[in-house]
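# Observations on chain architecture
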2 protein chains.
Amino acid sequence: MIRATTIREVREAVQQARREGKSIGFVPTMGYLHDGHLRLVDTARRENGLVVASVFVNPLQFGPNEDLQRYPRDLERDAHLLMQHRCDVLFAPSVEEMYPRPMETVVDVARLGQPLCGRSRPTHFRGVATVVAKLFHIVGPDRAYFGRKDGQQVAVIRRMVEDLNFPVEIVDVPTVREPDGLALSSRNVYLTPEERAHATVLYRALQWARGRILEGVRSGPELARGMAEIIGAEPGVRMDYAEVVHTDTLEPLEHLEGRVMLAVAAYVGKARLIDNLQLTIRGDEVLE
Amino acid sequence: MIRATTIREVREAVQQARREGKSIGFVPTMGYLHDGHLRLVDTARRENGLVVASVFVNPLQFGPNEDLQRYPRDLERDAHLLMQHRCDVLFAPSVEEMYPRPMETVVDVARLGQPLCGRSRPTHFRGVATVVAKLFHIVGPDRAYFGRKDGQQVAVIRRMVEDLNFPVEIVDVPTVREPDGLALSSRNVYLTPEERAHATVLYRALQWARGRILEGVRSGPELARGMAEIIGAEPGVRMDYAEVVHTDTLEPLEHLEGRVMLAVAAYVGKARLIDNLQLTIRGDEVLE
């Protein structure tokens, strides 16, 4: 595995692979990798000649009172895991390499960044869109892989790619969960054992809603209300949101039809956790 | 010359050239080509294996009361001229091809788009940055060619490319002028013969300032004031601005040193015309 810290190094590695006729798969991450990330790498590995993963904790997507400083980092462990999963290039730039001077340019997918997590993190998705645009220009991938757990992020990036004609295919990869349903997240390390037990309420709320949908419920507000009640009743958990939206537009759905995302977020101890469930509904039929 | 109207067609032409090891030069235009545009094409021709020119009157960069509807168009004449200048691919998409649905994504180089022309055209450079980002993703050029006459546009695009790591080299090409100094512009067709005579005041103001600089004047405000007086005194001309700024940051300069742009704009009849002069100043030395 090539370990690149500069833009020049990663471009050289990609150009070499291009000359050999290889397709490029790209997995952008903030590091502290878990099995969810590694599933992205494995998927990219199957579908491409060269696999590039980036590890970069992007300051631009953190708000002023968020966890930028204490976000967990362990680059040597990440490099070891990526090597085991046959990643070809690890791009781990410094903040200075990515932002050598203050940014004047922003990429913003305005309306898609505002609902859901955007309400508590108003500049987050602008920071995500901007760094992903940079990384796409640096790496030049054919396909880029994102975890479905970050459902709003996937919607924002898909829309950015479509609106701006990026020549990149966006692949979203199913969420990896613990045996009790908790979605894997680098931020789960913030949880005490007790908080860890309560955190499964997000998954339980989603599973409750899934059960109701399979029983025939199609009312978005009814399902949102039910999930909110479940999360709100859990000790040590403060609900942020529980919503039922269109997977691509993120608009709230009165009636469930087409691509549906059940999206939840809550504060548990020092962590803000998110999760979602995505379904395609055609009348009585529910595709998972 | 290949005439492409769809994104797919132009991408296929570029991919074919890439396979043949050719570099790609790109000249984005709004059509109604004049010798200024053709100098861009000639420069691109000398420096690249494949030359792509686009003709697209981009609605996004026109304000609500601007000249989008009456902007001059003559695609057959443009195609003929491009062929004569050995352009390889003409990309002339419809508005629907470029904007199949309402845009949610914007690319904005906020601070650079606000001064100078940005004051009378507050959304213009956002529209320019966004369409240029789209065109760069569609064409995938190694080099892109812009006229120096649009000095603020060049500054905005250079900064966007740098901030977002576009793998594109921006080449600015000197302004082509009529024998009496008027900078070529597709909007010059709006001028009556009488207005046409008055329009040279922009060039005369710049030349006055140039003369003062060669005499040793280094005060930005003094030069700006002098240019404003010359333009203000011209019958049938309403001054928009006359400024002395840094060529890259567009910040007003008290003292002339480094990369300097003298920038002027005025309304003449139905036309809003701009012009500029760029110099590099190192103490007593003036490089043109």
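From a predicted model like this one, the values you see are computed outputs, not experimental measurements.

About the thresholds
- Residues numbered from 1 in each chain as written.
- Chains lettered and ligands numbered in written order.
- Predicted model: local features only at pLDDT ≥ 70, side-chain atom pairs only at ≥ 80, totals over all residues.
- Helix = DSSP H or I, 4+ residues; strand = E, 2+ residues; numbered from the N terminus.
- Rg over C-alpha atoms; globule rule 2.2 N^0.38 Å.
- Buried ≥ 20, exposed ≤ 12 C-beta atoms within 10 Å, placed from the backbone.
- Contact = placed C-beta atoms within 7 Å.
- Domains from an automatic or database assignment.
- Axes fitted to C-alpha atoms, helices over the stretch in contact; angles between N-to-C directions.
- Parallel < 35°, antiparallel > 145°, perpendicular 65-115°, else oblique.
- Left-handed = near helix turned anticlockwise from the far one by under 90°.
- Nonpolar A, V, L, I, M, F, W, Y, C, P; charged D, E, K, R; others polar.
- Pairing = 2+ DSSP bridges.
- Least-squares fit on C-alpha atoms with pLDDT ≥ 70 in both.
- pLDDT = per-residue confidence, 0-100.
- Core = buried A, V, L, I, M, F, W, Y, C linked by C-beta atoms within 7 Å.
- Expected span 1.5 Å × (residues − 1).

With that out of the way, let us pick up the overall build of chain A. Along its length, chain A carries 11 helices and 11 strands. What you see for chain A is a C-alpha radius of gyration of 19 Å, in line with the 19 Å of a compact globule of 288 residues. Considered along the principal axes of its C-alpha atoms, chain A spans approximately 55 × 40 × 40 Å. For chain A, buried positions account for 44% of its 288 residues. Sequence separation of at least 24 residues holds for 69% of the intrachain contacts in chain A that already meet a minimum separation of 6.

All names here are of chain A. In terms of domains, chain A is made up of domain 1 (2–173) and domain 2 (186–281). Distance from the C-alpha centre of domain 1 to the C-alpha centre of domain 2: 25 Å. Counting from both sides, the interface comprises 15 residues of domain 1 and, opposite them, 15 residues of domain 2. Put simply, the parts of the chain that give the side of domain 1 that touches domain 2 at least two residues each are α6 (117–120) and α8 (151–164). Here the side of domain 1 that touches domain 2 gets four residues from one element, more than from any other, and that element is α8.

All names here are of chain A. Between helix α10 (residues 201–214) and helix α11 (residues 220–232), the least distance of the axes is 9 Å, while the angle of their chain directions is 150°. Classified by the angle their axes make, α10 and α11 are roughly antiparallel. For the element pair α10 and α11, the recorded crossing hand is right-handed. Contact residues: α10 offers Val201, Leu202, Arg204, Ala205, Trp208, Ala209 and Arg212, while α11 offers Leu223, Gly226, Met227, Ile230 and Ile231. Among the residues forming the contact of α10 with α11, the class breakdown is nine nonpolar, one polar and two charged.

The next point concerns the sheet that holds strand β7 (residues 169–173) of chain A. Residue and element names in this part refer to chain A. If you trace the six strands from one edge of the open sheet to the other, you get β1-β4-β3-β2-β6-β7, paired in parallel fashion. Among the strands making up the open sheet, the edge pair consists of β1 (2–4) and β7. Pairwise comparison of adjacent strand axes, ignoring direction, gives a mean angle of 25° for this sheet. Sheet topology places strand β2 (residues 24–29) next to strand β6 (residues 143–147); two bridges connect them, and they run parallel. Residue pairing in the sheet places glycine 25 in a bridge with arginine 143 of β6. With respect to the sheet, helix α7 (residues 124–139) is in contact with β2, β3 (50–55) and β6, its orientation differing from that of β2 by roughly 145°.

Moving on, we get to the relation of the copies chain B and chain A. These two copies of the chain differ by a rotation about an axis and a displacement along the same axis. For the pair chain B and chain A, the relating rotation is 180°, the translation along its axis is 0.0 Å, and the fit reaches an RMSD of 0.0 Å. As the rotation angle and translation indicate, the two copies are arranged about a two-fold axis. When C-alpha positions in chain B are compared against the rotation axis, the closest is assigned to valine 107 of chain B, at 2.4 Å. Here 100% of the interface residues in chain B have copies in chain A that are interface residues too; the copies meet face to matching face.

Here we take up the sheet that holds strand β10 (residues 271–282) of chain A. By way of backbone hydrogen bonds, the strands of a sheet pair with one another, either parallel or antiparallel. Residue and element names in this part refer to chain A. If you trace the four strands from one edge of the open sheet to the other, you get β8-β9-β10-β11, paired in antiparallel fashion. Two strands in the sheet have a free side with no partner beyond their single neighbour: β8 (237–246) and β11 (285–287). Each strand axis lies, on average, 25° off the axis of its neighbour in the sheet, ignoring direction. Where strand β9 (residues 258–268) and β10 come together, 11 bridges link them in antiparallel fashion. Bridge pairing links arginine 259 to threonine 280 in β10.

Every contact between the two is made by 23 residues of chain B and, on the other side, 23 residues of chain A. Elements represented by at least two residues in the side of chain B that touches chain A include exactly β5 (105–109), α5 (110–113), α7 (124–139) and α8 (151–163) of chain B. When residues in the side of chain B that touches chain A are grouped by element, the largest group, five residues, is from β5 of chain B. Tallied by class, residues from the side of chain B that touches chain A come to 13 nonpolar, four polar and six charged.

Interpreting fine coordinate detail is not advised for predicted regions of low pLDDT. Mean pLDDT over chain A: 97, with 100% of residues reaching 70 or higher. Across the whole predicted complex the pTM is 0.97, and at the interface the ipTM reaches 0.97.

Counting 167 residues, the largest nonpolar core has Val52, Ile231 and Val264 of chain A together with Val52, Ile231 and Val264 of chain B as its most contacted members. Residues in contact with isoleucine 231 of chain B, not counting those within four places in the same chain, are Val201, Leu202, Ala205, Val237, Met239, Ala242, Val264 and Ala266 of chain B.

This part takes up the pairing of β5 of chain B. Within β5 of chain B, five of the five residues are buried, which leaves the element mostly enclosed by the surrounding structure. Residues Thr105, Val107 and Val109 of chain B of β5 of chain B are buried on one face, and the alternating residues Val106 and Asp108 of chain B, pointing to the opposite face, are buried as well. Of the pairings in the sheet, the one linking strand β5 (residues 105–109) of chain A to β5 of chain B comprises five bridges and is antiparallel in character. Looking at β5 of chain B, one finds that valine 106 of chain A is bridged to aspartate 108 of chain B.

A separate point is α8 of chain A. Helical geometry: 3.6 residues make up each α-helical turn, so side chains three or four residues apart lie on a common side. All names here are of chain A. For α8, built from 14 residues, the straight-helix expectation of 20 Å at 1.5 Å per residue is met to within 8% by its first-to-last C-alpha distance of 20 Å. Where α8 is concerned, the buried positions are Gly151, Gln152, Gln153, Val154, Ala155, Val156, Ile157, Arg159, Met160, Val161, Asp163 and Leu164. Positive phi appears at asparagine 165, one or two residues downstream of α8, with a value of about 60°.

All names here are of chain B. α8 packs onto α7 with a crossing angle of 50° between their chain directions and a minimal axis gap of 10 Å. Relative to α8, α7 is oriented oblique. Note on packing geometry: the crossing formed by α7 with α8 is right-handed. In this structure, α7 contributes Phe125, Val128, Ala129, Val132 and Ala133 to the contact, and α8 contributes Gln153, Val156, Ile157 and Met160. Residues of the contact of α7 with α8, tallied by class, amount to eight nonpolar, one polar and no charged.

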